[in-house]
Structure formats: C-alpha cells, structure tokens
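Understanding the architecture of this molecule
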Amino acid sequence: MKPTRFLFPALSFFAAGLASLSAVTVTVRVDQPGAAINPAMWGAFFEDINFGADGGLYAELVKNRGFEFPEPLMGWSTLSPSLAKGQVTVREDGPFNSNNPHYVRLQSEGTGLFGLSNEGFRGIGLRQGEAYEFSVRARAIAGKPTLKIQLYGGDGTLLDTIELKDFSADWRKYTGTLHPKDTDPKAHLAVLIEGKGGLDLDFVSLFPARTWQNRAGGLRADMVQALADLHPGFLRFPGGCIVEGSVLARRYQWKNTLGPVEDRKLLINRWNYEFLHRPAPDYFQSFGLGFFEYFQLCEDIGAQPLPIVNCGMACQFNSNELCPLDQLGTYIQDALDLVEFANGPATSAWGAKRAAMGHPAPFNMKMLGIGNEQWGIQYIERYEMFAKALKEKYPEISLISAAGPDPADPRFKFAWEKLRALHADIIDEHSYALPNWFFDNAHRYDRYERNGPKVFMGEYAAQSVAVLSTKNKNNLECALSEAAFLTGLERNADVVRMASYAPLFAHVDAWQWTPNLLWTDNLTTLRTPNYHVQRLFAQNRGDRILPVALTEIPPGETSRLYASSTLDDATGTVILKLVNATGKPSTATVNLAGVSKVSRGTLMVMQSADLQAVNSFESPDLVAPRETPFTPSASKFEISLPANSFSVVRVGVGK
Ligand code: AHR
C-alpha cells in the first residue's frame, strides 16, 4: 500500500530552502505493549519563589496587609490628596490578633482626606467590569470619622471609591465592594480617613471577586486555569528550598498554615534574600495559600497531592543546620500528623482540623516527600528514621527521598547506593543544565536497574545560558531538549514513575529565578514553549509503553531525533511523540507493527524556524502547538518532521 504523506503547507517554503536530513524509519511495536505508565506520571512542582504564592497564585492584592513586615509600613505610603494634616502610627497594644500583632492608627485633624496607599505586588491588577472585595479590621479611637476606600490607576486616575462608617470601639470586620471603571495592571489602593478623629486598622485586604471557583479569599483564576490545563497527575508543594529554610527556624511548618488566615503567622520568604543579584526585600509568606488550600487545589484539578516535609535539615546551600537525631521526634511527628490531616477520619485529631476547615472527606494522599534537595550521610540517617516511623504507621504511603542537586555529583551516587540498600520507594532526581545535557541524557534511564527504587524526576529545566544566569530564556531550543529528554522518561516509564518541571510560576517584575514554566503579570499568565511540551506529554500520556525504534540515521549525521510511544487502552489509540531538534526537516516512515486497521487521529506540531524563539505577553502564542486532523491510510505511513519541531501523533488502531 502507498504510504501516506502528510504535508505541512505552511512549512514547505521554509523546508524547501534547507537541505533535508535523511529519512528515518520509526517502528512502533504495537503488538508488544510494555509496562503500565503511572497515571500520575506528568505532574507539576510548585514553590513560593518568584512571587509564586503571595503576589501570585494567592489572589490577595494588598501587600503587607497586616503590617507584619519587619518594616511595618513597607508597601504602604502616606497619602494626603488635599494636604490635610494627620498622623500614622504603628502599634501593637491591644491587637486584633496576637499572632500578627501590629496594626496602624490613623488620626486626622479633620481638614481633609488623610491616610495610606498600598502599592500591591508591583502594582495591583484590576479589570474593568469586575468586582473587588475590600475588607478591613477596624476600631474607632476618637470622633466619628469615615473611611474612604479608593482605587487609583497607575496614572493617578480615580477608578472607584466607597465609604465605610459607624465604627465600633471594638475590633470588627468592615467590608465593601469596588468596581474599577478601567482595566489597569498597576493600580494602587488608598485607605483614607475623613473627619476629625482616629481609627485603628489591621488586615487591610482586597481580593478579586472572581477567583478560581469564585472562592472568597481564593486563588487567581487565570493562574490556576493554566495549571489545570496542564492536566498534572500530581502537584508537589510547597517546594523546593522553601521547605528547608535557610535556617531551621525559618523552615516551612505546615501546621502554621492552617485555620483562619488572620491566625497564620507571617514568615520571611527565603527567596527574599537568597540571591544578592535579585533581592526581594518585600517577599514574605502570609500562608494565605496554606496546606489546606494546596490539598484543595489538588482535588480541584485532579492532581495527586505530593507534600514535602522538612526532614530536620536546613538548606545545605545555606546554613546546613541540622536537627540532632535525638530531637528529630517533632519533625517526624509533623510528618505523621500530616498523613492524618490529609487522610484521617474527621474524628481523628488532625482529620478534625481538616473537617473544621470545610473538608470532612479525606484528601486521599498517597505520597510524601522526606526533605527536599538534601544530600550526605546526614540525610540518609534522617530519612531512615522518618521511613521507619511512617512505614510502621502508614505502609500505604509511598515515600520520596532525595538525591541532592545534580546527577553528575558524587553525592548523587552516594545517595542512590544508600537509598537502594534501604529499599527506598522513589528517589527524587534534580537537574538544571544546558539543553545539551537533556539531549545527551535522553537515553539515561535505558541503563537504570529495573528492580531498584523508582525515579521521580522532581525538578528539571533546560537553562539557555547557564544555571542561575539571569539571562536564561524559555526558548524553543530548551523546550525541544526537554521534549527529547521526556521521550526517554516515557520509554522508561517502568522506572521513571513521575516528573515535574521547575519552577512553575514567576512574576515578570518580581522573579528571582529563570527559566520558569509560566510567567505572570498582574493580570495574565503567559504559557511558554516549555509549558506546551509538558502539556502535550500530560494530555497524551497513554496507559502502556510501546517499544519504539528509530533507524536509518546514517553515521555522521546528527542524531537529534527522538521518539517514544504509548498505547491508550480505553480508546485503542497509539500515541507517538517525535522530536526533530535539528535545523533540517526530515521525513519519518512510521510502521505500526502488529496493526492491521488504522482510524482517525490527530497531529499536534510545535515548531519554529528560530530555535531562540520565545513567547511574550505581546505574542503569547508564537511558539505553540498547532493541531490538525490526521488519518493515515495504512499502518505504515509517512510523516514530515519539520526542522526544530516536536510532534505528537495520535492514531486509532484495530486488529
Ligand atoms: O526550583 C528552584 C530551586 O532549585 C528549588 O527550590 C531547589 O529545590 C532547587 O535547588
């Protein structure tokens, strides 16, 4: 039968100008399905870095709402539009909440509006036609002043105003709704006292009414939507180095992130001061996005929760502070309590706390990470103690253990040997490296022992310039190198059970680390080429591995062609992923061995002539997959592989 030739008309001009690579043959053994692929194979890694939580996913628009930053008025400035006289003082006597004791006193001589303005997180993003919920804790100190709440655009235009009055002498919550008359990504909020007298104010808050699932005080809808569209099989949280803290006192403690948000004690974010070249003195953790919200988010988007707990070690790149082994009990108890919080009945001590927050049913957590990117014997000793306690009480929970920051490092080998001897369940590997590393390591897992611990490729991202370079870009070359690497993970899905790119989110005006999967400004979320690679893998996972062989690459010719294939059992669909990371087009003759009948399918191709191409807020879809119907006429067919491309082919098959 004549092979089907599928053409890309839009690309033919470009292709015609280039010499082609030799044609290749791709043989997919549809008659030899292999191991089952973990349904949660492709996941996401979330850390509060780059203003990912406060100023990001957590939709609060007011920075330093509780005046708890070490400089209590950071993010705020005094405002007196008509040069009225007044005073602002920061106090802590008789606070509204002793966990967050600071508040401000506004006093006015009654000569006009006087008060404070909040700059938000590099501005406040407002959308015309949408509602914004303002709230404040307040008490009257003297007189009967009113409070004017105003939104101003970046250029100083008044966008809306409301008035609150009749304040009690006790702390109470006062609320109002604002409707800005214009869209503005860089607005600010003014809180102004009018009339002679004084008011104490705390917990000044502004949220869009339209949050993810319209939850009051919830998450930013566009950011969660981008995450949900990835179809992540799991969500790892809360990091990352943030789990460890630069010292143990600043480690992430999940128990401090539960209950009413006002009770959650503010903590400095380690990314506030980690990089001298990217300081973020206004970066703190309000924990408005806490562990309950993380679990709820996982449930919303159908991702398995994968929390990581501190294992008694502060960041080894920082202080390397260790909790002595004989004092590790508290840390281990925190891990045990976390399982009860997530999975225990509502009658259990920690299950009751979950129920009190509105979720009596368990969250069905199946995995737990012990430590983040730890290494050395200090880690092994601690992991062993955690594993003993957890396996005794919760043998059904799979434990993720650490193997340090870099597979080329001797510490990685050391960790693997020790963890293998301890029969660890799943080992977390990290790699931030140049694109070449990812191309060169596409076959890395072909050589892994099949019966040892499984692999979680828990953090990786191709770095276009160098690790930690501020010039790193989310360009097509990096995305293709990751796609090539992921074909290797998929072909070895019996060993590699999970993978997640890192980091997930970054604010364009407030990042510390680059590259990142998604970039945000105050209104929108930008999807990178790397995101599209992740999404194509997750949405086209399949249930079983199919052996695939690439042949006919003449010696000496570049071999940057990669393939993997899976079978979707329910729909009887063969899924084939092909990467052509060369600058030359090629043609693949695909042979679906063991298939006699083919039916309708689709073809998704992401490509660009320019390997350095990136998406931007101005051209968000410059590098994105294009989908077309694809129906081969037989089980052997031809397909074009454009230069610099990642293609996913889906073909229905029958016997
Ligand atoms: O993803 C950024 C950082 O890289 C993570 O916090 C850490 O685990 C790794 O070193």
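In this text, all values refer to a predicted model and were calculated from it rather than measured experimentally.

Across its full length, the protein chain carries 10 helices and 35 strands. Relative to a compact globule of 655 residues, whose C-alpha radius of gyration would be 26 Å, the protein chain shows 27 Å and is just as compact. Its C-alpha atoms give the protein chain principal-axis dimensions of about 90 × 60 × 45 Å. A buried classification covers 60% of the 655 residues belonging to the protein chain. The contacts of the protein chain with a sequence gap of at least 6 include a subset with a gap of at least 24, amounting to 78%. Summing over all exposed atoms, the protein chain offers an accessible surface of approximately 24,400 Å²; the carbon and sulfur share of this is 53%. Computing the positive centroid from 63 side-chain charges and the negative centroid from 69, the protein chain places the two 3 Å apart.

Next up on the list: the site of the ligand. All residues adjacent to the ligand are Glu47, Gly240, Cys241, Trp271, Asn372, Glu373, Tyr432, Glu459, Pro503 and Trp513. The separation between an oxygen atom of the ligand and a polar main-chain atom of Cys241 is 2.9 Å. Tyr432 has a polar side-chain atom sitting 2.7 Å from an oxygen atom of the ligand. Alone, the ligand offers 290 Å² of accessible surface; in the complex the protein occludes 96% of this. If you map the ligand onto the pockets, it falls in the second largest pocket. Across the shell around the ligand, the residue classes tally to five nonpolar, two polar and three charged.

A few words on empty space enclosed by the protein. Where empty space is left can be seen by rolling a probe of water-molecule size over the atoms. A complete count under the given rule lists eight cavities of 30 Å³ or more for this structure. If you add up the space inside the largest cavity, you get close to 210 Å³. Every residue lining the largest cavity is counted, 22 residues in all, and those nearest its centre are Asn64, Arg65, Phe69, Leu266 and Ser286. In terms of residue class, the lining of the largest cavity is built from 10 nonpolar, five polar and seven charged. Here the lining of the largest cavity gathers at least three residues from each of two domains, domain 2 (44-59 + 212-539) and domain 3 (76-208). In this model, the second largest cavity occupies a volume close to 150 Å³. If you go around the second largest cavity, the residues you meet are Leu61, Gly125, Arg127, Glu130, Tyr132, Pro208, Arg210, Arg220, Ala221, Asp222, Asn522 and Leu523.

This next bit is on the layout of surface pockets. Here the largest pocket is characterised by a volume of approximately 630 Å³. Forming the walls of the largest pocket are 32 residues, and the residues nearest its centre are Phe207, Ala216, Gly217, Gly218 and Val261. Contributions of two or more residues to the lining of the largest pocket are made by β9 (132-143), β14 (197-208) and α3 (291-301). In terms of residue count, α3 provides more of the lining of the largest pocket than any other element does, five residues in total. Inspection of the lining of the largest pocket shows a minimum of three residues originating in each of domain 2 (44-59 + 212-539) and domain 3 (76-208). Within this model, the second largest pocket holds a volume of roughly 400 Å³. Lining the second largest pocket we find 26 residues, and of these Phe317, Glu373, Pro405, Tyr432 and Trp513 sit closest to its centre. Among the elements that line the lining of the second largest pocket, the one with the most residues is strand β21 (residues 426-433), at three residues. Residue composition of the lining of the second largest pocket, by class: 17 nonpolar, three polar and six charged.

Before going further, it helps to examine α3. With respect to burial, α3 is a largely interior element, nine of its 11 residues being buried. Taken together, the buried positions of α3 are occupied by Phe291, Phe292, Glu293, Tyr294, Phe295, Gln296, Leu297, Cys298 and Ile301. Structurally, α3 contributes buried residues whose contacts are with α2 (221-229), β15 (234-237), β18 (304-309), α4 (329-343) and α5 (349-356). Positive backbone phi, at 70°, marks Gly302, one or two positions downstream of α3.

It is worth spelling out the sheet that holds strand β24 (residues 505-507) at this point. Spatially, the three strands line up as an open sheet ordered β24-β25-β26, and their pairing is mixed. The strands lining the two open edges of the sheet, one partner per strand, are β24 and β26 (525-527). Shown here is a sheet whose adjacent strand axes are inclined to one another by a mean of 30°, direction ignored. When β24 meets strand β25 (residues 518-520), the two strands line up parallel, connected through three bridges. Looking at the pairing, Ala506 lines up with Trp519 of β25. Across the sheet, α2 touches β24, β25 and β26, and the angle it forms with β26 is around 25°.

Structurally, Glu449 can be placed in the loop between α8 (435-440) and β22 (454-462). Separated by 422 residues in the primary sequence, Glu449 and Thr27 have C-alpha atoms spaced 25 Å apart. Setting aside residues up to four positions removed in sequence, Glu449 forms contacts with Arg420 and Val495. A polar side-chain atom of Glu449 sits 3.2 Å from a polar atom in the side chain of Arg420.

For the rest of this paragraph, the subject is unusual backbone geometry. Across the junction of Gly239 and Gly240, the peptide omega takes the value 15°, indicating a cis bond. A cis amide bond, omega -15°, links Ala502 with the succeeding residue Pro503. Position of Pro503 among the secondary structure elements: in the loop between β23 (496-499) and β24. The backbone of Arg122 shows a phi angle near 55°, a positive value even though the residue is not glycine. Tracing the chain through its elements places Arg122 in the loop between β7 (114-118) and β8 (124-126). For Arg122, a relative accessible area of 25% gives the class partly exposed. In this structure, Asn644 takes a positive phi of about 50° despite not being glycine. Residue position: Asn644 is located in the loop between β34 (636-641) and β35 (645-654).

The subject of this paragraph is the environment of Ser20. Along the chain, Ser20 turns up in the loop between α1 (9-16) and β2 (24-29). Ignoring any residue separated from it by four or fewer positions in sequence, one finds Ser20 in contact with Lys584 and Pro585.

The next point concerns the pairing of β14. By the criterion of burial, β14 is predominantly enclosed, with 12 of the 12 residues buried. As judged from the five bridges shared by strand β6 (residues 103-108) and β14, these two strands associate in the antiparallel manner. Each bridged residue has a counterpart across the sheet, and for Arg105 the counterpart in β14 is Asp200. Both β9 and β14 contribute to a ladder of 10 bridges, which runs antiparallel. By the bridge assignment, Ala140 is partnered in β14 with Leu199.

Procedures and definitions
- Throughout, residues of each chain are indexed from 1 in the direction in which the sequence is written.
- Confidence filtering applies because this is a predicted model: local features only for residues at pLDDT of at least 70, side-chain atom pairs given and counted only at 80 or more, and all residues used for totals across whole chains, interfaces and linings.
- Think of the side-chain values as coming from all heavy atoms in the structure, minus any hydrogens and water.
- The way it works is that DSSP assigns letters per residue, a run of H or I at least four long becomes a helix, a run of E at least two long becomes a strand, and they are numbered from the N terminus.
- With the radius of gyration taken over C-alpha atoms, the globule rule is written as 2.2 Å times the number of residues to the power 0.38.
- Relative accessibility under 20% of the residue-type maximum defines a buried residue, over 50% an exposed one, and the middle range a partly exposed one, all with a 1.4 Å probe and only protein chains included.
- Pairs of residues are marked as contacts when any of their non-hydrogen atoms sit within 4.5 Å.
- The Shrake-Rupley method, run with a 1.4 Å probe, gives the accessible areas here. Residue values count only the displayed protein chains as cover.
- As used throughout, the charge tally considers Lys and Arg to be positive and Asp and Glu to be negative, leaving His and the chain termini uncounted.
- A charged residue contributes its charge at one atom only: NZ of Lys, CZ of Arg, CG of Asp or CD of Glu.
- We define proximity as follows: a residue is near a molecule or strand when any one of its heavy atoms falls within 4 Å of that partner.
- N or O atoms closer than or at 3.5 Å make up a polar contact, with two conditions inside protein: a donor-capable atom paired with an acceptor-capable one, and, for residues adjacent in sequence, both atoms drawn from side chains.
- Every definition here rests on a 1 Å grid over the protein atoms only: cavities are sets of points where a 1.4 Å probe fits but cannot get out, pockets are open sets enclosed by protein on both sides within 12 Å along at least five of seven lines, and lining residues have some atom within 4 Å of a point.
- For a cavity or pocket, the test is whether more than half of a molecule's atoms lie within 2 Å of its grid points; if they do, the molecule sits there.
- Note on residue categories: nonpolar means Ala, Val, Leu, Ile, Met, Phe, Trp, Tyr, Cys or Pro, charged means Asp, Glu, Lys or Arg, and polar means any other residue, Gly included.
- Grid points are joined across faces, edges and corners, and a volume is the space filled by probe spheres set on the points.
- For the purposes of this description, domain bounds are those given by an automatic or database domain assignment.
- When DSSP locates at least two bridges between a pair of strands, those strands are taken to pair.
- Lines fitted to C-alpha atoms define the axes, with helix axes restricted to the stretch in contact, and inter-axis angles between N-to-C directions lie between 0 and 180 degrees.

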